[in-house]
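# Observations on the three-dimensional arrangement
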Amino acid sequence: MEVAKNESNKLGTKDVLFPYIRQNLIRYVKDHWKNAELIKDIDSLRMQAVEDLKNGLNVVQIPDIDEEEDRLQEAIITNVFDQMDADRKTTALKQLQGHIWREAYHSGKIEGHVYEDVMPALKSWKTAGKHVYIYSSGSVEAQKLLFGATTYGNLLQFIDGHFDTNIGPKKESTSYTKIANECGYQAHQILFLTDIPEESQAAKNAGMKTTLVSREGNKSLCEEVVKEFGEVKSFDQISLL
C-alpha cells in the first residue's frame, strides 16, 4: 500500500499564520506571562539559544526567568522574530507558534487555508484505502489545528497521523526512516510530497518515492531538480497505485 505524505498549505502559513505571530507575539507573551505553558516554551527557547551559541550562531540569549521582566520579554520577542526572519524550523519556535495559533483558532480569528485540490485528493485517497500522514516543521498540535479548522471544514478525518521535528530534522534521511518504521511501512512503499528539494533528497536517501509539489508563489524549481524528483502542480495530478 502506498502512503502519501503532504504538508500544510504554505500560502496560508506565509500570508496568514506567520503574520499573525508577528502581530500578536508581544500581546500573547504579556497576557500569558505567568502561565506554566509559556514558561515551558521560554525554557525551550532558552535551551535552543544556548545550543545555537555553542554551534557558533550569533543569537539573542534569553535570561533566566527571575530576571527583570521587561528585559526578559524583550529578549524573548527579539529571539523569536530573529528566528522567523531566518526561516528557522527549531522545535522550540514551532512549539510556541503552535500555542499562539491554538488561541487564534479557538477564538475564530484565523482558519486553516488549504489549496482547493487538497480535500478532493484526501477523500479520494481515503476511499481507495491509502493512508495519509503529515510531516511538517510545524508542531503536531499546529498541524491538527490547521487541518481541523480549514476553509473546507475539518479534514482530520482523512489524515492518519502527524509528525514534526521531534522525529528529526526534515533534511536528514534518518527522520524519514523513523517515520516509515512508526507507520509500519517499508520506505519504498511511501510517497513523500514536498516543495523543498533538500527534503525530497533526504526522503529519497531513506528509500522513499518522492515528488515535488510546485505551487504558485513558491520558489521555481530548476530543470535538474524536476528531472531528479518529478513535479506536480496539483494533488489531482498524483496517481497512487
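Anyway, here's the lowdown on the structure attached to this text.

Conventions used here
Residues numbered from 1 in each chain as written. Predicted model: local features only at pLDDT ≥ 70, side-chain atom pairs only at ≥ 80, totals over all residues. Heavy atoms only, no water. 1 Å grid on protein atoms, 1.4 Å probe; cavity = no way out; pocket = protein on both sides within 12 Å on 5 of 7 lines; lining within 4 Å. Points joined across faces, edges and corners; volume = space filled by probe spheres on them. Helix = DSSP H or I, 4+ residues; strand = E, 2+ residues; numbered from the N terminus. Nonpolar A, V, L, I, M, F, W, Y, C, P; charged D, E, K, R; others polar. Buried < 20%, exposed > 50% of the residue type's maximum accessible area, 1.4 Å probe, protein only. Core = buried A, V, L, I, M, F, W, Y, C linked by side-chain atoms within 4.5 Å. Contact = heavy atoms within 4.5 Å. Axes fitted to C-alpha atoms, helices over the stretch in contact; angles between N-to-C directions. Parallel < 35°, antiparallel > 145°, perpendicular 65-115°, else oblique. Patch = residues over 30% accessible without salt bridge, like charges linked within 9 Å, V, L, I, M, F, W, Y side chains within 5 Å. Areas by Shrake-Rupley, 256 points an atom, 1.4 Å probe, with all protein chains shown as cover. Salt bridge = Lys/Arg side-chain N within 4 Å of Asp/Glu carboxyl O. Lys, Arg positive; Asp, Glu negative; His and termini not counted. Charge placed at Lys NZ, Arg CZ, Asp CG, Glu CD.

Before going further, it helps to examine the layout of surface pockets. Each pocket or cavity is described by its volume, and for the second largest pocket that value is around 150 Å³. Forming the boundary of the second largest pocket are 13 residues, of which Thr91, Gln95, Ser139, Asp164 and Asn166 lie nearest the centre. Of all the secondary structure elements, the ones that give two or more residues to the lining of the second largest pocket are α4 (91-107) and α6 (140-148). Element by element, the count of residues in the lining of the second largest pocket is highest for α4, at 5 residues. Its residues assigned to classes, the lining of the second largest pocket comprises 2 nonpolar, 8 polar and 3 charged.

Another aspect to go through is unusual backbone geometry. For Asp87, which is not glycine, the phi torsion reads 55 degrees and is therefore positive. By secondary structure assignment, the location of Asp87 is in the loop between α3 (69-85) and α4. Residue classification places Asp87 among the partly exposed residues on the basis of a relative accessible area of 48%.

A word on the nonpolar core. In this structure, Ile76, Val80, Leu96, Trp101, Trp125, Phe235 and Ile238 are the most contacted members of the largest nonpolar core, which totals 46 residues. In this structure, Ile76 is in contact with Trp33, Ile42, Leu45 and Ile62, ignoring residues within four places of it in sequence. By size, the runner-up hydrophobic cluster in this structure holds 16 residues, among which are Tyr135, Phe163, Tyr185 and Phe192.

Take the packing of α3 against α4 next. Two elements in contact, α3 and α4, have axes separated by 11 Å at closest approach and are oriented at 105 degrees. In terms of orientation, α3 and α4 fall into the roughly perpendicular class. Contact residues: Val80, Gln83 and Met84 in α3; Leu93, Leu96 and Gln97 in α4. The residue makeup of the contact of α3 with α4, split by class, is 4 nonpolar, 2 polar and no charged.

Attention shifts here to a negative patch on the surface. A contiguous patch of negative charge, built from Glu68, Glu69, Asp70 and Glu74, is present on the exposed surface. Turning to its location among the elements, Asp70 is positioned in helix α3.

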